[in-house]
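The residues making up each chain are set out below.
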Amino acid sequence: MYKWFLAWRYLHTKLIAFFAVCAVALCVFMVLVAMSVMGGFVDKVRERSRGLLSDVIVEAGTMQGFPYYQKFIDVLMSDHRDVVQIATPTIVAYGILRVPDTTLTRPADVRGIKLDEYVQVNTFGQGFHYDRYYPGTTHLGLQRQPFAGFDADGALTLPPDHVKANEKWRRAETDPKAIADYDAEPFRLRGSSEGGDRIFDVDSTDIRAVYGGDAFPGVIVGCDMINERTREGGYKRWDPRGIRMTLTTIAITASGNLTGEAPVSIPLRLADDSHTGVYEVDVKAVYVDFDMLQKKLGMNAMPRGDGTFIQARAKQIIIRLHEGIELNAGADEIRTAWTEFLAALPVQLDLNDERSLGFVRVSTWEEMQSTFIGAVEKEKILMMVILGVISIVAIVLIGCVFYMIVEKKTRDIGVLKALGASGTGIAGIFITYAAGVGAAGSILGAGFGALFVHYINEIQALLERVHPQLRVWNPEIYSFDRIPNVVKPDDVITIVLVAITAAVIGATIPAIIAGRVWPVKALRYE
Amino acid sequence: MSKYLLHARGIHKSYQMGRVSVRVLQGASLDLRNGEFLVVMGASGCGKSTLLHILGGLDTPDRGTLEFDRQDVFTASDAWRRTYRSLSVGFIFQFYHLLPECTVLENVMMPRLVKASAMQWLLGGAKRTARRDASAMLDRVGLAERLQHRPNELSGGERQRVAIARALINGPRLLLADEPTGNLDAAMGEEILRLLVELNRGGQTIVMVTHDPKVASHAHRRLHIRAGVIEEAKARNGARPER
Ligand SMILES: Nc1ncnc2c1ncn2[C@@H]1O[C@H](COP(=O)(O)OP(=O)(O)OP(=O)(O)O)[C@@H](O)[C@H]1O
Ligand SMILES: [Mg+2]
């Protein structure tokens with residue numbers, strides 16, 4: 001009726017309505033951006049945590065690890081095949097990584113992995129750099145350094161296996177830009193002062209493109225450890241593929257004693273670098289072969305002299321469940337399996353083994369990360385409280401704006417009443433008007449908010465160009481190199497509904513005042 | 001149809017100004033015949049507008065009764081009084097009181113729209129007939145060419161004609177005019193007056209407040225408010241009600 005008609009008229013003829021719409025739009029914009037970034041952050045933390053770990057982790061509570069891990073894996077892979085897709089052991093240690101040629105040193109979280117299994121339990125394998133362009137060339141076994149050199153025609157090229165692997169990549173790659181970028185500059189030679197995307201060394205004694213130097217085990221290094229992050233989110237590399245590195249670490253005996261010997265120094269060759277996207281991981285993670293590390297740390301099986309063996313130890317068993325198996329149900333089954341496994345161990349355990357096994361815990365990836373995820377989720381709740389306050393501010397603001405509108409329109413309200421309009425009818429005009437303001441404002445705000453969130457990284461880059469201090473998102477603090485930029489439709493709908501409700505609530509008191517206007521008083525004077 | 005449209009009996013109205021009570025009407029009585037053109041005169045501040053507002057159901061008296069077509073206006077329900085205001089009475093003000101956001105046509109349609117239910121609005125019929133009737137009414141007051149103009153684009157006389165069209169769209173039996181020419185120059189005032197007289201010739205009952213004796217001379221009957229009561233003034237010219 002006339003309510004809608006007049007509300008519509010007021011909405012597009014009154015400047016003051018524009019202010020109210022802007023106020024709502026700003027609030028919606030703010031809330032949407034905050035919610036999307038915070039929510040996206042939590043989601044990313046969860047997703048990445050899961051990608052880093054796997055579904056279920058059987059972990060030693062001590063640094064020296066626990067024995068009989070392989071036996072348990074065998075049990076899982078035979079008796080629990082319907083739940084467990086794959087299980088793989090890892091060793092965790094601490095050490096120092098050094099590049100002898102440049103004398104660069106870095107603290108390192110060392111992880112001994114069975115690469116072929118490890119890439120199946122989580123997303124680790126998706127973050128390799130060289131393996132993308134030369135698929136199949138990254139491994140952790142003994143390897144020599146691939147050198148760039150000249151082919152028969154005198155053109156600069158790479159060893160034949162690299163060339164072949166690169167052809168394979170080209171055929172499979174779906175992103176034409178990646179191929180174009182590669183062709184623009186396939187690789188750089190070591191020593192380029194600017195760094196590059198792919199770096200290879202040349203052999204000083206052989207001009208051909210061949211492998212050279214001594215063979216050492218391979219190492220995969222977190223990409224923030226040796227490379228420089230560019231503003232665009234990529235990396236610049238200086239160290240050539242296959243460069244020698246040494247990893248120094250400390251062995252711990254089954255009883256948790258340091259051996260007292262000099263720290264173990266392991267010569268390695270850079271096989272690849274890994275990008276998990278979590279800065280804390282990428283700045284210090286070093287991956288080497290499980291068996292090699294186990295031996296170097298003295299965690300492998302060793303004869304005692306009396307005919308018995310000290311058991312080989314691992315730090316974790318990482319387990320991937322089959323698709324569709326509920327996480328907690330799977331973890332429960334593995335927990336039960338572990339208890340049964342311990343009870344059924346046929347051998348007499350020595351004291352060290354018994355203790356280490358007692359410290360073993362079975363957790364889901366969520367439980368492992370719960371303190372961190374919990375903290376982030378608390379932050380989200382705090383955020384919601386602040387947003388609630390913002391909503392109240394919006395309500396008050398709308399209330400003020402509408403009070404002013406009602407004041408200004410008192411005479412018109414009197415006229416309408418003289419024409420027979422009822423108090424509720426008049427109040428209805430302003431409620432409808434407020435709902436219109438809320439709808440217009442929230443759609444505007446949600447639109448700009450969604451755009452802003454979508455281009456938030458580009459905006460950040462722009463701001464940073466204006467002044468480096470304007471860089472708000474620091475990957476060293478927030479773990480992720482890019483700001484989360486996904487807008488969830490659910491969030492948008494919720495915010496829009498809340499905004500419209502807030503606008504209506506804000507306008508209620510002015511609307512009631514309007515409904516009570518006494519026509520005679522309103523009409524008496526010009 | 002009865003001879004009388006409206007009876008006011010012993011209307012009292014006073015305003016509280018802090019401690020002091022300003023007594024405006026003190027027992028005003030009035031009988032209004034169907035088809036009559038009545039003029040109310042009196043000194044400024046004597047209560048002419050107050051009386052008109054009470055007759056139109058916009059204000060309530062402290063004491064006294066108002067009977068419209070044998071129905072007591074002030075003992076009836078709020079809803080009845082709203083219908084009374086919207087259907088039985090048309091009001092014209094000195095300062096026009098048009099809605100500035102709406103076009104001339106929409107202003108005239110407004111009483112119809114206020115009356116229409118949501119259902120009628122949705123079905124679209126209400127708006128269509130309102131538009132048709134409003135343009136017909138504007139044609140009658142000579143503003144057929146100005147339908148899409150805003151009130152602030154019109155002269156005072158034109159605005160008052162829009163207000164008259166608005167007052168008449170629901171076909172009220174009583175037209176109340178509070179100094180409709182008070183804000184206009186002589187020529188424009190004359191024009192408005194001619195329109196009112198013409199309406200009255202067509203049978204419209206009119207009560208008009210004015211200061212101007214010349215304006216008053218067009219009426220059948222003149223009343224004076226003095227000391228809160230209504231007195232009949234002697235007709236100066238020969239104008240008489242036809243019935
Ligand atoms: N809301 C009010 N509060 C207090 N006093 C009021 C109020 N409305 C009217 N009055 C007083 O009542 C008296 C009558 O007012 P009213 O407007 O009816 O006079 P009027 O005869 O129409 O005067 P005018 O010719 O100037 O229009 C005036 O003295 C006025 O001050
Ligand atoms: Mg007056």
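Residues numbered from 1 in each chain as written. Chains lettered and ligands numbered in written order. Predicted model: local features only at pLDDT ≥ 70, side-chain atom pairs only at ≥ 80, totals over all residues. Heavy atoms only, no water.

Colleague: Describe the confidence of the model for chain B, and please don't skip the residues or the numbers.
Modeller: Here chain B averages 86 in pLDDT, and 92% of its residues register 70 or above. Note that residues 237-243 of chain B has pLDDT below 50 and, in this model, ten contacts with residues that lie over four places away or in other chains. (pLDDT = per-residue confidence, 0-100. Contact = heavy atoms within 4.5 Å.)

Colleague: Let's hear about the sheet that holds strand S10 (residues 229-233) of chain B: which residues, and what values?
Modeller: Residue and element names in this part refer to chain B. Pairing is mixed across the open sheet formed by six strands, whose spatial order is S6-S7-S8-S3-S9-S10. Of all strands in the sheet, those with a lone pairing partner are strand S6 (89-92) and S10, marking the two edges. Taken pair by pair, the neighbouring strands of this sheet meet at an average axis angle of 20°, ignoring direction. Pairing of strand S3 (residues 37-41) with strand S8 (residues 205-209), which is carried by four bridges, proceeds in the parallel orientation. Following the sheet pairing, Val-39 is matched in S8 by Met-208. Running at roughly 155° to strand S7 (residues 174-178), helix H1 (residues 48-55) makes contact with S3, S6, S7, S8, strand S9 (221-226) and S10 of the sheet. Sitting on the sheet, helix H6 (residues 156-168) touches S6 and S7, and the angle it makes with S6 is about 170°. (Pairing = 2+ DSSP bridges. Helix = DSSP H or I, 4+ residues; strand = E, 2+ residues; numbered from the N terminus. Axes fitted to C-alpha atoms, helices over the stretch in contact; angles between N-to-C directions.)

Colleague: I'd like a description of the site of ligand 1, backed by residues and values.
Modeller: As a structural note, the neighbourhood of ligand 1 is formed by 14 residues, with Arg-524 of chain A together with Ser-44, Lys-48, Ser-49 and Thr-50 of chain B the closest of them. Near ligand 1, the surrounding residues are drawn from chains A and B. Take Cys-46 of chain B: an N or O atom from its main chain is 3.3 Å from an oxygen atom of ligand 1. Lys-48 of chain B has a polar side-chain atom sitting 2.7 Å from an oxygen atom of ligand 1. The protein chains hide 74% of the 630 Å² of surface that ligand 1 would expose on its own. Secondary structure elements with two or more residues in the shell around ligand 1: strand S1 (4-17) and H1 of chain B. The element contributing the most residues to the shell around ligand 1 is H1 of chain B, with three residues. (Near = heavy atom within 4 Å. Polar contact = N/O pair within 3.5 Å; in protein donor to acceptor, adjacent residues only side chain to side chain. Areas by Shrake-Rupley, 256 points an atom, 1.4 Å probe, with all protein chains shown as cover.)

Colleague: Go over the interface of chain A and chain B with me, naming the residues and quoting the values.
Modeller: If you look at the interface, chain A gives 27 residues, while chain B gives 31 residues. Put simply, chain A and chain B have one salt bridge between them. Between chain A and chain B we count three residue pairs in polar contact (both at pLDDT 80 or more) in total. The biggest single contributor to the side of chain A that touches chain B is helix H1 (residues 2-13) of chain A, with seven residues. (Salt bridge = Lys/Arg side-chain N within 4 Å of Asp/Glu carboxyl O.)

Colleague: Any details on the pattern of salt bridges? Residues and values, ideally.
Modeller: Taken as a whole and assessed by the stated rule, the structure comprises 30 salt bridges over all chains. Between Asp-197 of chain A and Arg-198 of chain A there is a salt bridge, with the nearest N and O atoms lying 3.3 Å from each other. The class of Asp-197 of chain A is partly exposed, set by a relative accessible area of 32%. Ionic pairing is found between Asp-133 of chain B and Arg-112 of chain B, a salt bridge with its closest N-O pair at 2.8 Å. Here the residue Asp-133 of chain B occupies a position in helix H5 (residues 125-140), and Arg-112 of chain B occupies one in helix H3 (residues 104-115), the gap between them amounting to 21 residues. (Buried < 20%, exposed > 50% of the residue type's maximum accessible area, 1.4 Å probe, protein only.)

Colleague: Mind laying out helix H17 (residues 456-466) of chain A, listing which residues take part and the relevant values?
Modeller: Residue and element names in this part refer to chain A. Buried residues of H17: Ile-456, Asn-457, Gln-460 and Glu-464, and no others. End-on, the buried residues of H17 take up no more than an arc of 100°, which puts them together on one face. Residues Leu-462, Arg-465 and Val-466 are exposed on H17 and point more than 90 degrees away from its buried face. Where H17 is buried, its residues meet helix H2 (15-52) and helix H16 (423-454). (Arc of directions from axis to C-beta.)

Colleague: Outline the side chain of Thr-210 of chain B, listing residues and values.
Modeller: Residues and elements named next belong to chain B. Take Thr-210: it is sitting in the loop between S8 and helix H8 (213-216). A polar contact is formed between the side chain of Thr-210 and the backbone nitrogen of Asp-212, at a distance of 3.1 Å. With residues near it in sequence (within four places) discarded, Thr-210 still touches Val-39, Val-40, Met-41, Glu-179, Val-215 and Ala-216.

Colleague: Talk me through empty space enclosed by the protein; I want residue IDs and the actual numbers.
Modeller: By rolling a water-sized probe across the atoms, one finds the places where empty space is left. With the rule as written, the count across this model stands at three cavities of 30 Å³ or more. In this structure, the largest cavity encloses a volume near 80 Å³. Considering the residues around the largest cavity, the lining is formed by Ala-418 and Leu-419 of chain A together with Gly-56, Arg-85, Ser-86, Val-89, Gly-90, Phe-91, Pro-111, Arg-166, Ala-167 and Asn-170 of chain B. Sorting the residues of the lining of the largest cavity by element identifies helix H2 (78-88), S6 and H6 of chain B as the ones contributing at least two each. Looking at which element gives the most residues to the lining of the largest cavity, the answer is S6 of chain B, with three residues. Among the residues making up the lining of the largest cavity, the classes are represented as six nonpolar, four polar and two charged. (1 Å grid on protein atoms, 1.4 Å probe; cavity = no way out; pocket = protein on both sides within 12 Å on 5 of 7 lines; lining within 4 Å. Points joined across faces, edges and corners; volume = space filled by probe spheres on them. Nonpolar A, V, L, I, M, F, W, Y, C, P; charged D, E, K, R; others polar.)

Colleague: Residue-level account of the pairing of strand S8 (residues 199-202) of chain A, with values.
Modeller: All names here are of chain A. Inspection of the sheet shows strand S5 (residues 142-150) paired to S8 by two bridges, in the parallel sense. Across the sheet, residue Ala-148 finds its bridge partner in S8, namely Val-202. Bridging between strand S7 (residues 188-189) and S8 involves two bridges; their strand directions are parallel. If you follow Leu-189 over to S8, its bridge partner there is Phe-200.

Colleague: So what's going on with the sheet that holds strand S4 (residues 63-68) of chain B? Which residues, and what values?
Modeller: All names here are of chain B. The strand order across the open sheet built from four strands is S2-S1-S4-S5, with neighbouring strands paired in antiparallel fashion. For this open sheet the edge positions go to strand S2 (20-33) and strand S5 (71-72), each flanked by a neighbour on one side alone. Across two bridges, S4 lies against S5 in antiparallel orientation. Bridge pairing links Glu-67 to Asp-72 in S5. Its contacts with the sheet place H1 against S1, S2 and S4, and it is angled at close to 125° to S1.

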